[in-house]
Every structure is written in structure tokens, then in C-alpha cells.
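# Coordinates in review
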Amino acid sequence: MDALLKAQEITQEAANAADKWYRTWVFAYQGYKEFPENHTANCEIRHDDLSWLMTRADAAGQIFDVRKALGMCGEVRLKAMLVEKLSFKQMAGVLFPAVSSDLGRKKVSAQCSLLLEQLAEFYATQRKKKHDAEKACTPVPLPV
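So, here's what we can say about the structure.

## Considering the nonpolar core
Among the nonpolar cores identified, the biggest contains 28 residues, and Trp21, Leu78, Met81, Leu116 and Leu119 are the most heavily contacted of them. Those elements giving two or more residues to this core turn out to be α2 (12–30), α3 (49–70), α4 (72–83), α5 (88–95) and α6 (101–136). Setting aside chain neighbours within four positions, we find Trp21 in contact with Ile63, Val66, Glu75, Leu78, Lys79, Leu82, Val83, Leu119 and Tyr123.

Below, the structure written as C-alpha cells:
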């Protein structure tokens, strides 16, 4: 992913989306969460075992939503690139064994670039839907 960003094959938003997907995947499937450097801890929320598992299940649901939107092939490429940290050449050997390694690497690079841009667009659409839903709700004052 860093190589794609440095080569300007993807935008910073796509790189951020990849980071978000990776953090969500790690939390959902491995059970721990890494916070960005500027993270502010929320001391008001305490988790017991059940709420922690429910939060992880929500993260797994977010991964499922991405799979549903981008397809299983997209998830395979995301996992290979972000979780397994495979190079494009290694991915090409698995995904395109019948073509030359150079052509396969180029194909994987192009597919991953497109996929990360689609992932960024998916997250942008999710944020817009959430914002619109929050905006559409009119708070009802409590009777005093």
C-alpha cells in the first residue's frame, strides 16, 4: 500500500481507508485494537467481557459490509495485501500463475489500486449515510 501511495497510484483517502479496514480486521479477528498516535482515550466507557465481544462482533459486521460491497475477490486481495503483507509479485504468483511474474505484478498492482479507491469510496458513502441519518432525526424535547 505504501508503494502505491508513494507512486501516486492511490490517494491519501484510499491509504486511510486501507488502514481503517486493517485495524477493523485485526480487532474483529484477533481481538486487540491499535490506536492512532493522536487517539484520545475515553475513560467514561468501561467494557465487560460481553460488551467487548459485542464490539468485536460489530467490527466483524463492518468487515462483512465491505465484503458485500466489494466482493469476495476484493476481500481476498485486501487480506493478502494488508493482513498477510504479501508483495504484488507474491500475490501475482497465487492469483495469476499462468502469466509472467512482471505482467502478474502489474495486474495485481492495478487491481489493488482500484480496490483501495473503491474502499475509500465505500467508507465515504457510509459516512454520508450516517451523517444524513443523524441530520434527518429531529430531537424531541423531553416534557418537563
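## Focus on unusual backbone geometry
Peptide bonds are mostly trans, and most non-glycine residues show a negative phi. The phi torsion at Gln8 lies on the positive side, around 60 degrees, for a residue other than glycine. Residue position: Gln8 is located in the loop between α1 (2–6) and α2. Its identity as a non-glycine residue notwithstanding, Lys85 has a phi of 55 degrees, on the positive side. Structurally, the position occupied by Lys85 is in the loop between α4 and α5.

## Looking at α4
For the α-helix, the turn length of 3.6 residues means that residues three or four positions removed from each other point alike. Taken residue by residue, α4 has Gly74, Glu75, Arg77, Leu78, Ala80, Met81 and Leu82 as its buried positions. Check the buried side of α4 and you find it contacts α2, α3, α5 and α6. Trailing α4 by a residue or two, Lys85 shows a phi angle of about 55 degrees, which is positive.

## With respect to the packing of α2 against α4
The interhelical angle for the contact between α2 and α4, taken along N-to-C directions, is 85 degrees, at an axis separation of 11 Å. The pairing of α2 with α4 is recorded here as roughly perpendicular in orientation. Residues Ala18, Trp21, Tyr22 and Trp25 of α2 lie in contact with α4, whose contacting residues are Glu75, Leu78, Lys79, Leu82 and Val83. For the contact of α2 with α4, the class distribution of residues is seven nonpolar, no polar and two charged.

## As for the pattern of salt bridges
Pairing between side chains of opposite charge can happen when their charged atoms approach one another. Scanning the entire structure with this criterion turns up five salt bridges. Two residues, Arg67 and Glu75, come together in a salt bridge whose shortest N-O distance is 2.4 Å. A salt bridge links Arg105 to Asp102, with the nearest nitrogen and oxygen atoms 2.7 Å apart. One end of the pair, Arg105, and the other, Asp102, are both in helix α6, three residues apart, so they sit about a helical turn from each other.

## Overview of the packing of aromatic side chains
Under the criterion given, the structure shown has two aromatic pairs. Pairing Trp25 with Tyr29 gives two aromatic rings, centres 5.2 Å apart and planes at 35 degrees, and the pair type is tilted. Placement of the pair is Trp25 and Tyr29 together in helix α2, with a separation of four residues, close to one helical turn. You can call Trp25 buried: its relative accessible area is 10%. A cation sits over an aromatic face here: Lys20 above Tyr123, 4.4 Å from the ring centre.

Conventions adopted
Residues numbered from 1 in each chain as written. Predicted model: local features only at pLDDT ≥ 70, side-chain atom pairs only at ≥ 80, totals over all residues. Heavy atoms only, no water. Core = buried A, V, L, I, M, F, W, Y, C linked by side-chain atoms within 4.5 Å. Buried < 20%, exposed > 50% of the residue type's maximum accessible area, 1.4 Å probe, protein only. Helix = DSSP H or I, 4+ residues; strand = E, 2+ residues; numbered from the N terminus. Contact = heavy atoms within 4.5 Å. Axes fitted to C-alpha atoms, helices over the stretch in contact; angles between N-to-C directions. Parallel < 35°, antiparallel > 145°, perpendicular 65-115°, else oblique. Nonpolar A, V, L, I, M, F, W, Y, C, P; charged D, E, K, R; others polar. Salt bridge = Lys/Arg side-chain N within 4 Å of Asp/Glu carboxyl O. Phe/Tyr/Trp six-rings, centres within 6.5 Å; stacked < 30°, edge-to-face > 60°. Lys NZ or Arg CZ within 6 Å of the ring centre and 35° of its normal.

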